[in-house]
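# A look at the structure
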Amino acid sequence: MKCSIFGHNRLALVLALFYALAALSPCVAKVEPHHILYLYSSTMGESDEENDGNEVFALPLAHLGMPLDTIDVTKNEPPSEEEMAKYRGIIAPTGSWISSSKWTSWMAREARGGERRIFIVAPQAPAETREEEREPLSDAVLNSVYEPLGLHLVSSLTATLGEDIVRLKEKKEGWFDFEVELKPEDCKWYMKVEKISPEAQSILTLWWEDIPGSDAAAVTVTPRGGFAIEEYLIHVDYKRDIRQWIINPFKLFEAVFATKGLPRLEPNLINGGRSYFSHVDGDAFNSYSRMTEGRICGQVLYDEIYVNPAYGQLPVTLSVIGAEMDKGTTLCLAISNDVANKLFELPNVEVASHAYAHPMDWRTKVLAWPGLQLNGEEYTFDVRKETLGSLEIAQSLAPKGKKAKIILWSGNCNPEEDALKLVTDGGYMNMNGGDGRYDDKVPTITGLGPPSIRVGDYVRVQTGQANDYIFTEEWKDYGGFAKVIETFKRTAAPRLLMPINVYYHFYAGERQAALDALRKVLNWVLEEDTTPTWTSHFARSVIAIRGAKMRRLGVEGFAIEQDGSIPTVRFDETQKYPDMEKSKGVIGWCHLNGALYVYLDGSKEQQVWLSSQKPSSFALLKANRPVTNLEKIEDRIQFKTWGPPVGKFKFQGLAGGKSYWGHFESGNALPAETTFRSSSEGEAEFSIPLLGEGTIVIEEISDKQFMVVAVRRFWWSYGRFVCLILGSAFLAYLILRRSSRNAQEVSAD
């Protein structure tokens, strides 16, 4: 008996050890899937890009760290179990799948399987209908989906019954009135769904007047997902053509998909500063400005914006339209290539293309210039020339060693999968589409597009905010671009929903009002707390979020696998800190909007462990430039970064009250250096010129060395001016002395 008991105890110990290791090892710990699949039907007028999933649900899901994929149930077979492995949940409007037996069976299998949470959305009935008019038998089939979710469908009818019949029984506090108030008189839609799981939460409960037992869960969350009547989620304002959230979508989806406490991969904040990037579509590059005779818009923006020392602090991605630079067309001016050459030589400019013949619609192949002549023959849409061909033209206009990195989609920004495949497989990034706006005219987050949209097996990256064409009311209110500032402000708090993306066209150089508006926007940006990056870098991080994997390590730890381009991971509603000693690939942190933002080091694998204790060890607190490969070895610190023009960095965990020498090393630029002292608490903040990509090395030095470097820096910065002043003074002295002698000689004569 003793031997048997010992054997069982040993087995228990082995199993306990296995599960402990499984919790701690990223190789064994289970992946936390973070994608959501949205079902739609093209028979209802929706498409792969234009559907409620992308236009309404995707933005709040993306903020919660869950990229959305969509699938047309009319044209596609249900995904296999292997294909579903990356999905955390499914959003299933009933209109998309109940008419298909194979999709209904698939939904039932998914519900029974328990691997993914399912959120069912029931739309309003098209006409007023009463209970007795509903189709019989269908509810039994639908309950094969509902009941595994902890719900029971009594009636599949979604009826418009009017305020004199439907009554509001319970509206859970803190969940509604997000953008539009839900009033009792607004409760006109009724569907009989009951909770059968004791853990199900009724968020909105209705009842039918004078009918006992008619309580219905109009919005409910269960351990397996949830259910909602669509009209209690979204309000449609037909006069303004906008949709607004009635319910708090962030709270709803966090509960439905059980993501509370999970990390959110975050592209919108880099090292404590809000991500900033800017890109310019090539439209009107060759158009002559109305402000000064003889200058094209490309030249105007070069003169007025891009060589301006203040705006030179901000990186910008400039694109050209291939046909306007191709000497085989009549669109190319004699000065076009020369102006593009000058622009692409600037250190704060990234090279991009805006297609070849500017397709207005990539799917119907309509071009901006129908009948365009290329080398004497009519040009027709060629997907390779519009993508890789246009990028090659942009590349040819850049200085040696500077590569074109990204294509900015033209027109409707709706490339098909073949165009995305060429660009992606060619190693390029892509962006455009989305046109996000959040202001008094569009007072809703549904006016903001998600960071990306999946098209087949590829990803189209969307812009942070809309461009000047949108804000100028289609180029009528020429100074209207300044209105984008309101969208920048509203997307910063109470949640950081978007980066700052200054997105405009070269026709900003056509009129004074447009140029003044652009200056106003850029001046506002310069006053903000940002970390600028290239457009292609931001696009890469957005795409990387879709391919990343996360694993839970015990209670307070997470492992992240990515391609190295995701800069930050966010934990909502917490005042905790990263455990800097235990974590790997973590370089710093900050708190913003009640969330913890943890900075990642650019490696492909990180481990983030949380702690209630504020760390005192070495860490980056703030930087206005991306930082990768950060390491501290004894008294030496080094990391990679890029400019121009000036990098600002703040660290903690240095030796208190010490002197430091920092120098920037780059093969493409002159060396730069700085000196600074740490506080008694070991914090230090310093600035250093950055002229390209390179490595900053920081070393502790003696006070004597500090003075030597300080004098050397003063000499390099001001020595030539001192010499010029002293030389000028000495020359003036000689002239005056000679004049005085001449005067004396004349007087003597």
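Each value, and the rule that gives it
Residues numbered from 1 in each chain as written. Predicted model: local features only at pLDDT ≥ 70, side-chain atom pairs only at ≥ 80, totals over all residues. Heavy atoms only, no water. Helix = DSSP H or I, 4+ residues; strand = E, 2+ residues; numbered from the N terminus. Contact = heavy atoms within 4.5 Å. Areas by Shrake-Rupley, 256 points an atom, 1.4 Å probe, with all protein chains shown as cover. Core = buried A, V, L, I, M, F, W, Y, C linked by side-chain atoms within 4.5 Å. Buried < 20%, exposed > 50% of the residue type's maximum accessible area, 1.4 Å probe, protein only. Axes fitted to C-alpha atoms, helices over the stretch in contact; angles between N-to-C directions. Parallel < 35°, antiparallel > 145°, perpendicular 65-115°, else oblique. Left-handed = near helix turned anticlockwise from the far one by under 90°. Nonpolar A, V, L, I, M, F, W, Y, C, P; charged D, E, K, R; others polar. Polar contact = N/O pair within 3.5 Å; in protein donor to acceptor, adjacent residues only side chain to side chain. Pairing = 2+ DSSP bridges. Phe/Tyr/Trp six-rings, centres within 6.5 Å; stacked < 30°, edge-to-face > 60°. Lys NZ or Arg CZ within 6 Å of the ring centre and 35° of its normal. Salt bridge = Lys/Arg side-chain N within 4 Å of Asp/Glu carboxyl O.

### Some remarks on the overall build of the chain
Of the regular secondary structure elements, the chain holds 16 helices and 44 strands. Long-range pairs, those at least 24 residues apart, make up 72% of the contacts in the chain with a sequence separation of at least 6. Of the roughly 33700 Å² of accessible surface on the chain, a fraction of 53% belongs to carbon and sulfur atoms.

### Considerations on the nonpolar core
If you look at the biggest cluster of nonpolar residues, it comprises 74 residues, and the most contacted ones within it are Leu-39, Ile-91, Phe-119, Tyr-232, Leu-252 and Phe-253. If sequence neighbours within four positions are ignored, Leu-252 has contacts with Phe-119, Trp-175, Val-219, Val-221, Leu-233 and Ile-247. In this structure, Tyr-276, Ile-296, Met-325 and Val-525 belong to the second largest nonpolar core, which totals 69 residues.

### A few points about unusual backbone geometry
Cis geometry is found at the peptide bond from Ala-493 to Pro-494, where omega equals 5°. Checked against the element boundaries, Pro-494 lands in the loop between helix 13 (484-490) and strand 28 (500-505). With phi around 75°, Ala-355 is a residue other than glycine that occupies positive phi space. With respect to the secondary-structure elements, Ala-355 resides in the loop between strand 19 (349-353) and strand 20 (359-361). Overall, Ala-355 belongs to the buried group, its relative accessible area being 0%. Even without being glycine, Asp-435 reaches a positive phi, approximately 50°. Within the secondary structure, Asp-435 sits in the loop between strand 25 (429-431) and strand 26 (452-455).

### Remarks on the packing of helix 10 (residues 383-396) against helix 11 (residues 417-425)
The N-to-C vectors of helix 10 and helix 11 enclose an angle of 25°; their axes lie 9 Å apart at closest approach. With respect to helix 11, the axis of helix 10 lies roughly parallel. Judged by the sense of rotation from one axis to the other, the crossing of helix 10 with helix 11 is right-handed. Of helix 11, the residues touching helix 10 (which contributes Val-383, Arg-384, Thr-387 and Leu-388) are Asp-418, Ala-419, Leu-422 and Val-423. Grouping the constituent residues of the contact of helix 10 with helix 11 by class yields 5 nonpolar, 1 polar and 2 charged.

### Brief notes about helix 6 (residues 249-256)
Taking burial as the measure, the 8 residues of helix 6 include 6 buried ones, the bulk of the element. Taken together, the buried positions of helix 6 are occupied by Pro-249, Phe-250, Leu-252, Phe-253, Glu-254 and Val-256. For helix 6, the capping residue at the N-terminal end is Asn-248, with a side-chain oxygen 3.0 Å from the backbone nitrogen of Phe-250. Where helix 6 ends, the next residue or the one after it, Ala-258, has phi of about 50°, a positive value.

### Some details on the sheet that holds strand 3 (residues 87-93)
Where strands meet in a sheet, backbone hydrogen bonds hold them as pairs that are either parallel or antiparallel. The strand order across the open sheet built from 8 strands is 2-1-3-4-12-11-10-7, with neighbouring strands paired in mixed fashion. With partners counted over all chains shown, the strands left at the sheet margins are strand 2 (68-72) and strand 7 (166-171), one partner each. Put simply, the sheet's adjacent strands are angled 20° from each other on average, direction ignored. Relative to strand 2, strand 1 (residues 35-40) is paired through 5 bridges, and the arrangement is parallel. Bridging from a neighbouring strand, Ile-36 pairs with Leu-68 of strand 2. Contacts from helix 2 (residues 52-63) reach strand 1, strand 2 and strand 3, with the element oriented near 160° to strand 2. Along the sheet, helix 4 (residues 101-113) makes contact with strand 1, strand 2, strand 3 and strand 4 (117-122), crossing strand 1 at roughly 155°.

### With respect to the packing of aromatic side chains
The description of an aromatic ring pair rests on the distance of the ring centres and on the angle between the ring planes. In total, this model carries 30 aromatic pairs according to the counting rule given. On the numbers, 6.0 Å between centres and 65° between planes, the contact of Phe-178 with Phe-250 is edge-to-face. Taken together, the residues Phe-178 in the loop between strand 7 and strand 8 (189-190) and Phe-250 in helix 6 connect sequence positions 72 residues apart. On the basis of relative accessible area, Phe-178 is assigned to the partly exposed category, the value being 25%. A residue is classified by how much of its surface remains accessible, and Phe-250, at 6% relative accessible area, is buried. Geometrically, the ring pair formed by Phe-277 and Phe-538 is stacked, given 4.6 Å between the ring centres and 25° between the ring planes. Here Phe-277 is found in strand 17 (residues 273-281), whereas its partner Phe-538 is found in helix 15 (residues 535-547), with 261 residues between them in sequence. The pair formed by Phe-277 and Phe-538 is uniform in burial state, with each residue classed as buried. Taken together, the aromatic side chains of Phe-618, Phe-639, Phe-649, Phe-651, Tyr-660, Phe-676 and Phe-686 make up a single cluster linked through ring pairs. Positioned above the aromatic ring of Tyr-438, the side-chain terminus of Arg-490 is 5.6 Å from the ring centre. A cation over a ring is seen here: Arg-511 above Tyr-478, with NZ or CZ 4.0 Å from the ring centre.

### What to know about the pattern of salt bridges
Applying the stated criterion across every chain, the model contains 43 salt bridges. The salt bridge involving Arg-88 is made with Glu-32; its shortest N-O contact spans 2.8 Å. You can see Arg-88 sitting in strand 3 and its partner Glu-32 sitting in the loop between helix 1 (2-24) and strand 1, a full 56 residues away along the chain. On the accessibility criterion, Arg-88 (8% relative accessible area) is buried. Between Lys-576 and Glu-556 there is a salt bridge, with its nearest N and O atoms 2.5 Å apart. Of this pair, Lys-576 sits in the loop between strand 32 (568-571) and strand 33 (577-578) while Glu-556 is found in the loop between strand 30 (549-553) and strand 31 (557-561), placing the two residues 20 residues apart along the sequence.

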